[in-house]
Amino acid sequence: MRPIDFHCHSTVSDGTLPPAELVARAAANGCQHLALTDHDDLDGLAVAAAAAAQQGVGFVPGVEISVSWHDVTLHIVGLGIDPDNATLRDGLAQVRSGRAERAEQMAAGLARAGIGGALAGAYRYASNPALISRAHFARYIVEQGHARDTSAVFKRYLVKGKPGYVRHVWATLGDAVSWIRAAGGIAVIAHPGRYRISVAQMHDLVREFRDVGGEAIEVITSSHSTEDYQRFDAIAREAGLLASVGSDFHGPDESWMDVGGVPALPLSATPVWQALGVQLSETAATTPV
Ligand code: AMP
Ligand code: MN
Ligand code: MN
Ligand code: MN
């Protein structure tokens, strides 16, 4: 049984399925509780909530906020947020506002590397132009035959030191957590295993995150190895953080884990849903996959 998925994306950010289709896919995969966590935007939540109610899937409104911490880009998920909260909405509008200019600079860098038409090309893939992202550029670059798949595009063109990379300053860690809390939500460090930081920096991040009111960390996510599951389960227990689970699904062709197809948490973990008031059957909460 794979009943819970607290991290996925729709066309409102860089996913490839519209919110209602995403929910239908999760339901078909047996998902019992789903959080939609689009990057920096809440516009998919109403449609997703309605679709979830229709399909008998429990729905948790969420978001994934882009954060700059020292020189590292981090993602902080908010779970159980009120989508109408003005503090959160204003904060996210501010985070989104830099994306258009960044996209122009990315396109200029890509043009210098011999990839033309990237600005218009990327926007063709962005259903929500306010959320133009590197993922949309990656899809255009694959379409143009410059790389085999999006992960090859990132390596060659879109990460630090590559022609389409543009340094960008997102929200601060403290702001992101405080907006989530203002909206009644729980802040979660997303996919911690992906950050290229030392053990000491991870320790600092967890401490700082807790100091500003963060409460949970993703233990199970598609980019984690089984060693990562153990490492972050231990870090969560040591720091007194709750453990979260999410596929980080972006679309049928781009994801390692299907929406709703998330392995169970280690039994040693304290699940984040205990703080979300999500009612689960005992089997759903504890049956390993
Ligand atoms: P942005 O917010 O515009 O910087 O885009 C970040 C998004 O790009 C992430 O949320 C992922 O969906 C995607 N992404 C980042 N790194 C990679 C990678 N190495 N391979 C594939 N997709 C990636
Ligand atoms: Mn993404
Ligand atoms: Mn992320
Ligand atoms: Mn994500």
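Nothing here was measured: the structure is a model prediction, and the numbers come from that model. (Residues numbered from 1 in each chain as written. Chains lettered and ligands numbered in written order. Predicted model: local features only at pLDDT ≥ 70, side-chain atom pairs only at ≥ 80, totals over all residues. Heavy atoms only, no water.)

(A) Broad picture of the confidence of the model for the protein chain. On average, residues of the protein chain carry a pLDDT of 95, and 96% of them reach 70 or more. Counting contacts from residues 285-289, a segment whose pLDDT is below 50, to residues more than four positions away or on other chains yields eleven contacts. (pLDDT = per-residue confidence, 0-100. Contact = heavy atoms within 4.5 Å.)

(B) Up close: the coordination of the manganese ion (ligand 2). Every protein donor of the manganese ion (ligand 2) is accounted for by Asp14 (OD), Asp14 (OD), His39 (NE2) and His250 (NE2), and the metal-donor separations fall at 2.1 to 2.8 Å. Classification of the site at the manganese ion (ligand 2) as irregular follows from its six donor atoms and the range of 51 to 156° in their angles at the metal. Read from N- to C-terminus, the donor residues coordinating the manganese ion (ligand 2) fall into the pattern D-x24-H-x210-H. In this structure, the manganese ion (ligand 2) lies 5.5 Å away from the manganese ion (ligand 3). Residue Asp14 is located in the loop between β1 (4-5) and α1 (19-28), and its partner His39 is located in the loop between β2 (33-36) and α2 (45-55); the two are separated by 25 residues in the primary sequence. Across the pair, His39 and Asp14 agree in class, each one buried. (Donors = N, O, S within 2.8 Å, 3.2 Å for Na, K, Ca; no water. Tetrahedral: all angles 85-135°; square planar, octahedral: opposite > 155°, others 65-115°. Helix = DSSP H or I, 4+ residues; strand = E, 2+ residues; numbered from the N terminus. Buried < 20%, exposed > 50% of the residue type's maximum accessible area, 1.4 Å probe, protein only.)

(C) Spatial organisation of the sheet that holds strand β6 (residues 216-221). Read across the sheet, seven strands follow the order β1-β2-β3-β4-β5-β6-β7 without closing on themselves; strand pairing throughout is mixed. On the outer flanks of this sheet lie β1 and β7 (242-246), each paired with one strand and no other. In the sheet, strand β5 (residues 186-189) pairs with β6 via two bridges, with the strands oriented parallel. Following the sheet pairing, Val188 is matched in β6 by Ala216. (Pairing = 2+ DSSP bridges.)

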